Amino acid sequence: MSGMLLVPCLALSAITLNQSEGQAQSFLQRRIQERMQERRLQEETKLTANQKQQLFQVRREWLLSSYEQRLALLQSTQACLKDAQTFQDGKECRSKRRQAGRQLLKEGRQVVNTERQRLGLSPLPTDLPFSF
């Protein structure tokens, strides 16, 4: 009888360990992201007004130049959702939009990071969008 209880107890222990490991990992990831953001903010407070203006202009130019792409992405998502007949169809529309949106942000981040590098700043993290 005690052998029958051993398997469920082991399974429960494994699940508990995996959950706490995942929580620890996500805590660690959040802490790393917070530190990186603190570092970026410290770097940016040391920028001259001219350097801040240069970063702003690069971001603004990219946002303006990518406007048509972002608009096309919204329109294609709208058309996809209008044509969707099932939950799965809608899910695929959203998945395609997220993938295309991530790619667009990645391109923008590369443009901004090139300027950040030129100014001696650390790059933006890959999982956060850039902003003004």
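Bear in mind the structure is a predicted one, so any value in this text is a computation, not a measurement. (Residues numbered from 1 in each chain as written. Predicted model: local features only at pLDDT ≥ 70, side-chain atom pairs only at ≥ 80, totals over all residues. Heavy atoms only, no water.)

Once that is clear, we can look at the pattern of salt bridges. As enumerated under the stated definition, the model contains three salt bridges in all. Notably, a salt bridge pairs Glu34 with Arg31, separated by 3.1 Å at the nearest N-O pair. With Glu34 and Arg31 both in helix H1 (residues 2-45) and three residues apart, this pair spans about one turn of that helix. The salt bridge partner of Arg118 is Glu115, with a shortest N-O separation of 2.8 Å. You can see Arg118 and its partner Glu115 sitting in helix H4 (residues 87-118), three residues apart, about one turn around the helix. On the basis of relative accessible area, Arg118 is assigned to the exposed category, the value being 53%. Classification of Glu115 by relative accessible area gives buried; the value is 12%. (Salt bridge = Lys/Arg side-chain N within 4 Å of Asp/Glu carboxyl O. Helix = DSSP H or I, 4+ residues; strand = E, 2+ residues; numbered from the N terminus. Buried < 20%, exposed > 50% of the residue type's maximum accessible area, 1.4 Å probe, protein only.)

Across the interface, helix H2 (residues 49-65) lies against H4 with an axial gap of 10 Å and an inter-helix angle of 160°. Classed by the angle they form, the pair H2 and H4 counts as roughly antiparallel. Judged by the twist between their axes, the crossing of H2 over H4 is right-handed. Between H2 and H4, the contacting residues are Gln54, Leu55, Val58, Arg59 and Trp62 on the first element and Leu104, Glu107, Gly108, Val111, Val112, Glu115, Arg116 and Arg118 on the second. (Axes fitted to C-alpha atoms, helices over the stretch in contact; angles between N-to-C directions. Parallel < 35°, antiparallel > 145°, perpendicular 65-115°, else oblique. Left-handed = near helix turned anticlockwise from the far one by under 90°. Contact = heavy atoms within 4.5 Å.)

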